[in-house]
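Next come the chains, spelled out residue by residue.
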Amino acid sequence: MALSYRSTRGTAAPLEFPDVLLAGLATDGGLYLPDTWPTLSSATPDTYVELAAEVMFPFVEGTITRSDFDSMIVDAYSTFGVPEVCPLVQLDEHHHLLELFHGPTLAFKDIALQLVGRLFDHELTRRDARVMIVGATSGDTGSAAMEAVRSSDRADIVVLYPAGRTSEVQRRQMTTLTDVNVHAVALDGTFDDCQDLVKAMFADEVFRSRNRLSAVNSINWARVMAQIVYYVWAAQLLGRRATPTTFCVPTGNFGNVFAGHVANSMGLPVGRLMVASNSNDILSRLIETGEMVASEVVPTLSPSMDIQISSNLERLLVELLDGNGAATAEFLTTFRSTGRAALTADQHLRLRADFTGDRIDDARTLEIMAEVHETHGLLVDPHTAVGIGVAQRLRRPGETIVSLATAHPAKFPDAVSKATGVEPELPGHLADLFDRPERFESLPDDLTTVEDYVDSVRRS
Ligand SMILES: *Cc1c(COP(=O)(O)O)cnc(C)c1O
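Let me begin by describing the structure that accompanies this report.

Cut-offs and rules
Residues numbered from 1 in each chain as written. Predicted model: local features only at pLDDT ≥ 70, side-chain atom pairs only at ≥ 80, totals over all residues. Heavy atoms only, no water. Pairing = 2+ DSSP bridges. Helix = DSSP H or I, 4+ residues; strand = E, 2+ residues; numbered from the N terminus. Axes fitted to C-alpha atoms, helices over the stretch in contact; angles between N-to-C directions. Parallel < 35°, antiparallel > 145°, perpendicular 65-115°, else oblique. Left-handed = near helix turned anticlockwise from the far one by under 90°. Contact = heavy atoms within 4.5 Å. Buried < 20%, exposed > 50% of the residue type's maximum accessible area, 1.4 Å probe, protein only. Phe/Tyr/Trp six-rings, centres within 6.5 Å; stacked < 30°, edge-to-face > 60°. Lys NZ or Arg CZ within 6 Å of the ring centre and 35° of its normal. 1 Å grid on protein atoms, 1.4 Å probe; cavity = no way out; pocket = protein on both sides within 12 Å on 5 of 7 lines; lining within 4 Å. Points joined across faces, edges and corners; volume = space filled by probe spheres on them. Nonpolar A, V, L, I, M, F, W, Y, C, P; charged D, E, K, R; others polar. Near = heavy atom within 4 Å. Polar contact = N/O pair within 3.5 Å; in protein donor to acceptor, adjacent residues only side chain to side chain. Areas by Shrake-Rupley, 256 points an atom, 1.4 Å probe, with all protein chains shown as cover. Core = buried A, V, L, I, M, F, W, Y, C linked by side-chain atoms within 4.5 Å. Disulfide = S-S within 2.5 Å. Salt bridge = Lys/Arg side-chain N within 4 Å of Asp/Glu carboxyl O.

1. Concerning the sheet that holds strand β4 (residues 95-99)
Strand order in the open sheet formed by six strands is β3-β4-β14-β9-β10-β13, and the pairing between neighbours is mixed. The open sheet has two edge strands, β3 (88-92) and β13 (355-359), and neither has a second partner. Averaged over neighbouring strand pairs, the angle between their axes works out to 25 degrees when direction is ignored. Both strand β9 (residues 245-250) and strand β14 (residues 401-405) contribute to a ladder of three bridges, which runs parallel. Its bridge partner lying in β14, C248 is registered against S403.

2. Considerations on the packing of helix α5 (residues 140-149) against helix α6 (residues 168-175)
With their axes 9 Å apart at the nearest point, α5 and α6 run at an angle of 25 degrees to one another. Taken together, α5 and α6 sit at an angle that is classed as roughly parallel. Considering how the two elements wind past one another, α5 and α6 form a crossing that is left-handed. For the pair α5 and α6, contact is made by D140, G142, S143 and M146 and by Q170, Q173 and M174, respectively.

3. Some words on helix α10 (residues 255-265)
In terms of residue burial, α10 counts as a mostly covered element, since nine of its 11 residues are buried. Those residues of α10 that fall on the buried side of the exposure criterion are G255, N256, V257, F258, A259, G260, H261, V262 and A263. Looking one or two places after α10, you find G267, whose phi comes out positive at around 120 degrees.

4. Thoughts on the packing of aromatic side chains
Within this structure, the stated rule accounts for 11 aromatic pairs. A cation over an aromatic ring shows up here: R66 above the ring of F57, its NZ or CZ 5.3 Å from the ring centre.

5. Looking at the layout of surface pockets
As a volume, the second largest pocket reaches approximately 330 Å³. Along the wall of the second largest pocket there are 22 residues; nearest its centre are P104, E147, R150, L177 and H429. Listing elements by their share of the lining of the second largest pocket, those giving two or more residues are α4 (109-127) and α6. Taken together, the residues that form the lining of the second largest pocket break down as six nonpolar, 11 polar and five charged.

6. Describing the site of the ligand
With respect to spatial proximity, 15 residues lie near the ligand, and among them K109, G252, N253, N256 and T406 are the closest. In this structure, D140 approaches the ligand through a side-chain N or O atom, which is 3.0 Å from an oxygen atom. Taking G252, its main chain carries an N or O atom lying 2.8 Å from an oxygen atom of the ligand. Notes on the ligand: free accessible area 390 Å², of which the protein chains cover 96%. Partitioning the shell around the ligand into residue classes produces five nonpolar, eight polar and two charged.

7. A closer look at the side chain of T245
Its place among the elements puts T245 in strand β9. A distance of 3.2 Å separates the side chain of T245 from the side chain of R240, its partner in a polar contact.

8. Focus on the sheet that holds strand β7 (residues 182-188)
Taken together, five strands build an open sheet; the order of strands is β8-β5-β6-β7-β15 and the sheet is parallel. The sheet is open, and its two edges are formed by β8 (213-214) and β15 (441-444), each paired on a single side. In the sheet, β7 pairs with β15 via four bridges, with the strands oriented parallel. Of the residues in β15, the one forming a bridge with V185 is E441. This element, α5, spans β5 (131-136), β6 (155-162) and β7 of the sheet and lies at about 165 degrees to β6. Its contacts with the sheet put helix α18 (residues 447-457) on β5, β6, β7 and β15, and the angle it makes with β15 is roughly 150 degrees.

9. Section: the nonpolar core
Nonpolar side chains tend toward joint burial in soluble globular proteins. Formed by 102 residues in total, the largest nonpolar core has its most connected members in F17, Y48, Y77, L119, Y230 and F247. Looking at this core, the element that brings in the most residues is helix α9 (residues 221-237), giving 13 residues. Setting aside residues no more than four positions away along its own chain, Y230 makes contact with Y48, C86, L98, L100, F108, I111, N256 and L404. Membership of the second largest hydrophobic core comes to 24 residues, among which are L91, F101, I360 and A419.

10. Here's the deal with empty space enclosed by the protein
Going through the model one piece at a time under the given rule, you end up with four cavities of 30 Å³ or more. Here the largest cavity defines a volume of roughly 40 Å³. Looking at the lining of the largest cavity residue by residue, the classes come out as four nonpolar, five polar and one charged.

11. Observations concerning the state of the cysteines
Applying the stated criterion across every chain, the model contains zero disulfides. This cysteine, C248, is not joined by any disulfide, and C86 carries the nearest cysteine sulfur, 17 Å off. Taking relative accessible area as the criterion, C248 reaches 0% and is therefore assigned buried.

12. Examining the pattern of salt bridges
Close approach of charged atoms lets side chains of opposite charge pair. Here the structure, examined in full by the defined rule, presents 31 salt bridges. With a shortest N-O distance of 3.1 Å, E168 and R172 are connected by a salt bridge. One end of the pair, E168, and the other, R172, are both in helix α6, four residues apart, so they sit about a helical turn from each other. What makes E168 partly exposed here is its relative accessible area of 38%. With its nearest N and O atoms 3.4 Å apart, the salt bridge here joins D346 to R350. Highlighted residues: D346 and R350, both in helix α14 (residues 345-354), separated by four residues, approximately one helical turn. The exposure class of D346 is partly exposed, given its relative accessible area of 46%. Overlapping salt bridges bring together D19, E123, R126 and R127 as one network.

If you want it as structure tokens, here you go:
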């Protein structure tokens, strides 16, 4: 029997994995969650790919064969630069860094997206169907999504980025891909303009069905699923499958840290989950006060966490609200219309039983990067530094902490050299990134023009 998935809002029909994968968002606006949490198998295989298959197979069982699933996993993680896929580095006796950035685009999103690209292709082939993926990016997600589908015969992808507003590394990671099905668009506008255009394309029914539009955004269940694995992997590498480990997670959309919560729900002993925020600290304030209060997004050195509305929080919220989809929808509607929404005292207490959090501003982020470099000879990127800083501030004597390193330092060279005086080097597969020819389309912030462009690049 295949696992059934339900929407957090409770009214959309339950689906099985392949439909959840392709749908992304539920028709009632909610996010999919499995009906029950499978129990982690006690197996401790030697390799990341074997563990990944053990941990994730129960979520797809009955809809994908084990051998197909195994080969997709092998294929997905063969793109990583190190055999451990996600290696651990020790900072001090009780503090470890889990390096999640050895994938093709140097950020942790590759871990989920490399697999999601293959899952898409597998399902589209089975259905003899095609899709056009459209997305907006402020920097990181775009290249990770393009890398994920670049070898697909079934999917085309168009990514809009705000011209002149991404870092040069981020832009080049998108514009130097040579595959015929990936397209970077430099939009004359802001990231918000890019997002608005994507929303408008999805709202244009005729255009949407003509192109079979799809998305691979962070609310897709399959992305969360793929991220559960490295929590189990870290515990296993430390010999702590039976003793609690605390994880500290640099957080934006809450997808990564929610995957840690899922690992815990499946039976992995987890001490605490530390939610590390930059100055956009809505989540750490929620944990502290029980109230979610919106404020303006401020740009920081860790741009992938410059978020005020954390979409994946909805998956935890429905649990705190005892599975009540209507109450979940109401909480989020209240928040969107008034800019605030509060948990009850009991719900707040349950949130605090598992989660803690704090914020680190840019000045402190640079100090931490300098300290880590001085003490350990290690360069860390600003997102990772926010995590390390929060772990240092909240740690208890003797508590074993794994901080997640979410991006490679060379992805954010300006911040790294400002903090440490050292220019981080790009790893081998990207060493010639600055010599490669760029290919992109410059377009105005105009829906018709962008839609015409998408129509023109679609393969039929
Ligand atoms: C996306 C991203 C994050 C935030 O992850 P969420 O799952 O959105 O919480 C943190 N660090 C880096 C480098 C990222 O790219």
